[in-house]
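A closer look at the structure
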Amino acid sequence: MPSRTSGVYRLMEAPVLYLAVAARPTGIMGVEMAPGPEKLVRQLDPQWSRVEVGVNPVLDRAVSQLEEYFEGKRRVFDLPLDLAALTPFRRSVLEVLSETVPYGATCTYAELARRCGSPRAARGVGGALAVNPLPVLIPCHRVVGAHNRLVGYSGGRGIATKQWLLDLERRCLVRSGGCGCALHRPDA
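Here the structure is a predicted model, which means the values were calculated and not measured.

A few words on the sheet that holds strand β3 (residues 27-34). Read across the open sheet, the four strands follow the order β3-β2-β1-β4; overall the sheet is mixed. Each of the sheet's edge strands pairs with one partner strand only, and the pair in question is β3 and β4 (49-50). Lying over the sheet, helix α2 (residues 57-70) contacts β1 (8-13), β2 (18-24) and β3, oriented at roughly 20° with respect to β1.

As structure tokens, then:
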């Protein structure tokens with residue numbers, strides 16, 4: 001996570017990886033993923049302070065909502081997000097992604113570029129997603145390559161983590177009676 005005004009963070013264990021969730025008073029500013037807690041702590045900004053439950057209500061809500069997501073009980077996050085450090089283009093890409101690609105669905109980089117009003121910017125969209133400071137909360141794992149190929153994921157264990165997150169959403173849709181058929185939409 002980039003160095004900015006000091007914040008607080010909390011570590012949490014998810015089914016296949018560990019996360020560090022960071023917040024400032026303005027909202028959640030970062031989610032880092034790693035296969036193990038030691039590597040995760042080495043990635044964090046040394047200005048940040050590790051806090052426990054009850055010290056930061058926004059952080060408490062974020063960890064709780066992420067736990068619900070990983071348990072298959074939450075599809076939408078309701079949290080204040082701090083995207084102030086991003087360029088307008090990157091912020092726009094993440095906002096359009098959050099607004100137009102629902103739980104269990106995917107779209108391609110090219111389709112997301114079109115939705116952002118920049119149909120020739122598929123690589124730029126990929127670059128914006130590569131530095132998404134809030135993976136899972138802003139679901140960059142739902143963006144796939146041409147012909148629905150799984151490409152480009154830097155969180156956790158890379159493509160394996162992306163596949164796991166997509167499979168989690170698909171399983172939860174099927175369990176809840178959804179068919180999961182929105183998972184692989186053709187590039188429009």
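Read on for the rest.
Here we take up the packing of aromatic side chains. Both the distance between ring centres and the angle between the ring planes are used here to describe each pair of aromatic rings. For the structure on display, the rule yields four aromatic pairs. Aromatic pair Y69 and F77: ring centres 5.6 Å apart, planes at 40°, arrangement tilted. Residue Y69 shares its accessibility class with F77, and that shared class is buried. Aromatic side chains Y69 and Y103 sit 6.2 Å apart centroid to centroid with 85° between the ring planes, which places their arrangement in the edge-to-face category. Highlighted residues: Y69 in helix α2 and Y103 in the loop between α3 (88-100) and β5 (107-108), separated in sequence by 34 residues.

On to α3, then. Owing to its 3.6 residues per turn, the α-helix brings residues three or four apart onto one side. Compared with an ideal rise of 1.5 Å per residue, which puts 13 residues at 18 Å, α3 spans 18 Å between its outermost C-alpha atoms and is within 8% of the ideal. Listing the buried residues of α3 in full gives V93, L94, V96 and L97. When α3 is viewed along its axis, its buried side chains cluster within an angular range of 160° and face the same direction. Of the residues in α3, the exposed ones pointing more than 90 degrees away from the buried face are P88 and E99. Contact partners of the buried residues in α3: α4 (109-115), α5 (122-130) and β6 (143-144).

With that out of the way, let us pick up the confidence of the model for the protein. Residues at a pLDDT of 70 or more form 91% of the protein, whose mean pLDDT is 87. Within the protein, α4 carries the highest mean pLDDT (97), whereas helix α1 (residues 37-43) carries the lowest (80). Here residues 180-188 is modelled with pLDDT under 50, and outside its nearest four sequence neighbours on either side it reaches 22 contacts, counting other chains as well.

The next point concerns the environment of G145. One can find G145 in the loop between β6 and α6 (159-175). Owing to a relative accessible area of 5%, G145 belongs among the buried residues under this scheme. Distance in space between the C-alpha atoms of G145 and A122 is 9.7 Å, their sequence separation being 23 residues. When neighbours within four sequence positions are excluded, G145 is seen to be in contact with T108, Y109 and V151.

The rules behind these values
- Residues numbered from 1 in each chain as written.
- Predicted model: local features only at pLDDT ≥ 70, side-chain atom pairs only at ≥ 80, totals over all residues.
- Heavy atoms only, no water.
- Pairing = 2+ DSSP bridges.
- Helix = DSSP H or I, 4+ residues; strand = E, 2+ residues; numbered from the N terminus.
- Contact = heavy atoms within 4.5 Å.
- Axes fitted to C-alpha atoms, helices over the stretch in contact; angles between N-to-C directions.
- Phe/Tyr/Trp six-rings, centres within 6.5 Å; stacked < 30°, edge-to-face > 60°.
- Buried < 20%, exposed > 50% of the residue type's maximum accessible area, 1.4 Å probe, protein only.
- Expected span 1.5 Å × (residues − 1).
- Arc of directions from axis to C-beta.
- pLDDT = per-residue confidence, 0-100.

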